[in-house]
Amino acid sequence: MHVLGINSGTSVDGIDLALCEFTPVAHNELSLRLLAYQEASFPKELQQQLLHIMRKKQAHLADLTELNFRLGMAFASAIDDFLSRFQLQPGEIDLVASHGQTLYHLVEPGRVRSTWQTGEGAVIAQHLGITVIDDMRVADVAAGGHGAPLASFLDALLFSDEHRSLALQNIGGIGNVTFLPAGKGPAGAYAFDTGPGNVLIDAAVRHFSAGAQGFDRDGTMARAGKINEAIVSEVLTHPYFQEIPPKTTGRELFGDAFAAHLIARGQERGLSPEDTVATLTAITTESIIQAYRAFGPQHIDEVLVGGGGGYNPVIMQRLREALPGTHVRLFEETGLPAGAKEAILFALLGHECLLGRTNNLPGCTGASKTVNLGKIVPGKNYRHLLCQALAESIGEEDGIPPMLRRLHLITDTIQE
């Protein structure tokens, strides 16, 4: 089955697409081959609208209604460009699995835990004629989970090891980690959001460059500045960092308003722009290290780092210094490009949703049980897909099939 995963992350800095081929290789085991991937640009005006809504935390109902369809159209357009670039026809894709764009993730005490991803899947299905699966977080939240981090499902199926303990650290807008203790298998995985990833750094760079730059390329500003340890220590006393996992956070807490407060604190203390970026970078690295010491396995053999933060040498150097005896390397050295990881994840979740298998890890999200994530929007090929899914399920018992046991990576034929 050929599944196109599509994702827009917390940073709203692009649309990631990954075309994956899934093939059954044994009972409850699949092979994964990444055929092609692309990191597409977000339409600038739409990006600005999204960021404005996320910063203000409010919008007119008409704007939110329209935004849902505009995002669906943007995703469909990105898929059109993808097909053109790789000379593919819509009929060569069996299924589109779209994460959508998170508008709000509500996990505050005293409120009904809930989450909102937008980007109408029906628009994609109508435009392309392909079946779409989207809205993949809500079932986990409905089962009492945080709906995040979902990446642990892919991490655990690919990298669980009998003899070595691993950590898979994503440093996107928000940082999250999956711990895979040795010998525990996918069921032993646990995960949580470590706190701010690049979101505070990016906000400061935009502020000091008047919008001319969006991130600290190669850690240039952080390397040139001096860390204000008092601000770092103060931020790390925030209650979020002391919460017991599983837990999740987002821009609602560690967003532009939080960054603006820290920038103002830096200015009050006479920090230069470089000092401020160095300090915010240290908040990211120290929050990760603190999380490992408080909640990680006693010994971690290897850390695989994905997300934009992995390309910041200041972040990578600090992680290596703080974790002696642990091999810290980039996720893409495993054979999968880091930029495609989340789109691959949603392709996998969509595939498993179609087959009716559970595809969340309660030990990572805090859900009360395993559930089937995703909502299906039938396209012209839906009946064919159902027949294909039923054929793959022959021999399984009635009811919800067991969760996928293992994913085997094949690393040839990748096109970027």
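Position numbers for residues count from 1 along each chain, tracking the sequence in the order it is written. Given that this is a predicted model, residues contribute local features only at a pLDDT of at least 70 and side-chain atom pairs are listed and counted only at 80 or more, while totals for whole chains, interfaces and linings are drawn from all residues. For side-chain calculations, the full set of non-hydrogen atoms in the structure is used, while hydrogens and water are omitted.

The chain appears in an unreviewed UniProt entry as Anhydro-N-acetylmuramic acid kinase from Ktedonospora formicarum. UniProt positions are given in the numbering used here, feature names are shortened, and annotations may be inferred rather than shown by experiment. Turning to the chain, the UniProt record has this under Catalytic activity (unreviewed entry): "1,6-anhydro-N-acetyl-beta-muramate + ATP + H2O = N-acetyl-D-muramate 6-phosphate + ADP + H(+)".

A. How the structure looks around the packing of aromatic side chains. To pair, rings of Phe, Tyr and Trp, with the six-membered ring standing in for Trp, must have centres within 6.5 Å; the planes then decide the type, stacked if under 30 degrees apart, edge-to-face if over 60, and tilted in the middle. If you walk through the whole model with that rule in mind, you get 10 aromatic pairs. Note on F159 and F331: the rings are 5.8 Å apart at their centroids and 80° apart in plane angle, and the pair reads as edge-to-face. Taken together, the residues span a long stretch of sequence, with F159 in helix α5 (residues 152–159) and F331 in the loop between β12 (327–330) and α13 (341–354) at a distance of 172 residues. With a relative accessible area of 14%, F159 lands in the buried category. A run of DSSP states H or I qualifies as a helix once it reaches four residues; a run of E qualifies as a strand once it reaches two. Both are numbered from the N-terminal end. Whether a residue is buried, partly exposed or exposed follows from its accessible area with a 1.4 Å probe, protein chains only, as a fraction of its type maximum: under 20%, in between, or over 50%, in that order.

B. Structural view of helix α12 (residues 313–322). Burial in α12 covers these residues: V314, I315, M316, L319 and A322. Pairs of N or O atoms within 3.5 Å make up the polar contacts considered here, provided that, within protein, one atom can donate a hydrogen while the other can accept it, and that residues adjacent in sequence are counted only when both atoms are side-chain atoms. Between the side-chain oxygen at the start of α12 and the backbone nitrogen of V314 there is a gap of 3.0 Å, and the oxygen is on N312.

C. Spotlight on the environment of G14. The topology assignment puts G14 in the loop between β1 (2–7) and β2 (15–26). A sequence separation of 28 residues divides G14 from F42, and the C-alpha atoms of the two residues are 4.7 Å apart. Each residue touching G14, except ones within four places of it in the same chain, is listed here: N7, S8, A40 and F42. In what follows, residue pairs with any heavy atoms lying within 4.5 Å of each other are defined as contacts.

D. Spotlight on the sheet that holds strand β8 (residues 166–171). Two strands are said to pair when DSSP picks up at least two bridges between them. Taken together, the 5 strands give an open sheet; going across it, the order is β10-β9-β8-β11-β12, and neighbouring strands pair in mixed fashion. In this open sheet, the two strands that pair with only one neighbour each are β10 (190–196) and β12. Averaged over neighbouring strand pairs, the angle between their axes works out to 20° when direction is ignored. Relative to β10, strand β9 (residues 174–180) runs antiparallel, the two being bridged by 6 bridges. If you follow F179 over to β10, its bridge partner there is Y190. All axes are obtained by fitting lines to C-alpha atoms, using only the stretch in contact for helices, and the reported angles, taken between N-to-C directions, cover 0 to 180 degrees.

E. Representation of the packing of helix α6 (residues 199–208) against helix α10 (residues 256–268). Remark: α6 packs on α10, axes separated minimally by 9 Å, with the N-to-C direction vectors making an angle of 60°. The angle between the axes of α6 and α10 places the two elements in the oblique class. Crossing hand, α6 versus α10: right-handed. Contacts between α6 and α10 pair L200, A203, A204, R206, H207 and F208 from the former with D256, F258, A259, L262, I263 and Q267 from the latter. Note on terminology: angles under 35 degrees are roughly parallel, angles over 145 are roughly antiparallel, angles of 65 to 115 are roughly perpendicular, and the others are oblique. Here a crossing is taken to be left-handed if its near helix is turned anticlockwise relative to the far helix by less than a right angle, and right-handed if that turn runs clockwise.

F. Molecular detail of the side chain of E21. For E21, the position within the fold is in strand β2. The class for E21 is buried, based on a relative accessible area of 18%. Only 3.0 Å separates the side chain of E21 from the side chain of H2, close enough to count as a polar contact. Side chain to side chain, E21 and R33 meet in a polar contact 2.8 Å long. Beyond its immediate chain neighbours, meaning those up to four positions away, E21 contacts M1, H2, S31, L32, R33 and L35.

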